[in-house]
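Residue-level structural notes
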Amino acid sequence: MKIKIFTFNPFGENTYIVYDEITLECMIIDPGCYNQAEENEISAYITAHQLKPVLLVNTHCHIDHIMGNGYISSTYKLPLHLHKDEEQTMQHSSGWGKMYGLEIGLQPTDRIYIDETSTLNVGSYQFKIFFTPGHSIASISFYCKQMNLLFSGDVLFNLGIGRYDLPWGNLETLTQSIKTQLYTLPDETKVFAGHGDSTTIGFEKLNNPYVNLR
Ligand SMILES: [Zn+2]
């Protein structure tokens, strides 16, 4: 498996392309590309590596994670995979964006709802879904056991956690999500977050100042 990280839009959001090096199938997680230069950058990578986009997924629908949904969906003819309850987050992002002069762009009308009972397949890799609310109403995280890695969206960061002061955010819910879901994963699990550097579950268990294990 190969992982390519782009940091896009004024919020410094991490957009991920995850692919199987043999089949070249790829999944695009939270495309945050918001102008033509960023759209060109992600497409140039896909073309240069001869990737076949098979999945477009959102960990949650805050504005910085969905700005490129429309572009990726229309360019690669992909439906958007998201948690059903994130529809209201998307609606809110749209209103919020208008207020601040940021467009969320045309969102894909073709949507497939996923939850903790779903599995995502990218070539020979499977991703299990964890339901990890608290930063947004229905944030989800993607875990690949074969590679022991996790895409945590804005739930768990390197030495941080997501904001919980946004609509439907809740600190108690967020820390419970981390403790009861993400912290059950092996210590060596590599964590790729929606912002900032990657980390591991073991490092965060020892050092994350926001999640008290005692
Ligand atoms: Zn967010």
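Below is a summary of the structure that appears in this document. (Residues numbered from 1 in each chain as written. Predicted model: local features only at pLDDT ≥ 70, side-chain atom pairs only at ≥ 80, totals over all residues.)

1. Looking at the nonpolar core
This is how it is decided: Joining buried Ala, Val, Leu, Ile, Met, Phe, Trp, Tyr and Cys residues through C-beta atoms within 7 Å gives a set, and that set is a nonpolar core. Residues are called buried when their C-beta atom has 20 or more other C-beta atoms within 10 Å, exposed when it has 12 or fewer, and partly exposed otherwise; all C-beta atoms are positioned from the backbone. Distance between backbone-placed C-beta atoms decides contact: two residues are in contact if it is within 7 Å.
Counting 52 residues, the largest nonpolar core has Val18, Cys26, Met27, Leu150 and Leu156 as its most contacted members. In this structure Leu156 touches Ile161, Ile178, Leu182, Val191, Ala193 and Glu204, once residues within four positions along its chain are discounted.

2. Section: the sheet that holds strand β10 (residues 149-153)
Operational definition: Between any two strands, pairing holds if DSSP finds at least two bridges. In this text, helices come from DSSP runs of H or I with a minimum length of four residues, and strands from runs of E with a minimum of two, each type numbered from the N-terminal end.
The strand order β7-β8-β9-β10-β13-β14 describes an open sheet built from six strands, whose pairing is mixed. Looking at which strands have only one partner, the edges of the open sheet turn out to be β7 (119-122) and β14 (199-200). Relative to strand β9 (residues 140-144), strand β8 (residues 125-131) runs antiparallel, the two sharing four bridges. The residue of β9 that forms the bridge with Phe131 is Ile140.

3. Considerations on the pairing of strand β4 (residues 52-57)
Inclusion rule: When the strands point away from the viewer, a crossover counts as right-handed if the path from the first strand over the helix to the second runs clockwise.
Inspection of the sheet shows strand β3 (residues 25-29) paired to β4 by five bridges, in the parallel sense. Paired with Cys26 across the two strands is Pro53, which belongs to β4. Crossover handedness for the path β3 to helix α1 (residues 36-48) to β4: right-handed. By the bridge criterion, two bridges tie β4 to strand β5 (residues 80-82) in an arrangement that is parallel. Within the sheet, the bridge partner assigned to Leu56 lies in β5 and is Leu80.

4. Section: the environment of Asn158
By the secondary structure assignment, Asn158 is in the loop between β11 (156-157) and β12 (160-161). Linking Asn158 and Thr200, residues 42 residues apart in sequence, is a C-alpha distance of 8.1 Å. When near neighbours in sequence (up to four residues on either side) are disregarded, Asn158 contacts Ala193, Gly196, Asp197, Ser198 and Thr199.

5. Structural notes on α1
Rule in force here: Helix span, expected: 1.5 Å multiplied by one less than the number of residues in the helix. Taken from the helix axis, the directions to the C-beta atoms give the arc we talk about.
For α1, with 13 residues, the first-to-last C-alpha span of 18 Å sits near the 18 Å given by 1.5 Å per residue. Listed in full, the buried residues belonging to α1 are Glu38, Ile42 and Ile46. Burial along α1 is one-sided: seen end-on, the buried residues are contained in an arc of 75°. Seen from the buried face of α1, the exposed residues on the opposite side, beyond 90 degrees, are Gln36, Ala37, Asn40, Ala44, Thr47 and Ala48. Two residues or fewer past α1, Gln50 is found with a positive phi of approximately 55°.

6. A few points about the pairing of β3
Burial within β3 is extensive, with four of its five residues counted as buried. Bridge count for strand β2 (residues 13-19) against β3 is four bridges, and the pairing is antiparallel. Following the sheet pairing, Tyr19 is matched in β3 by Cys26.

All we've got here are geometric facts, nothing functional implied.
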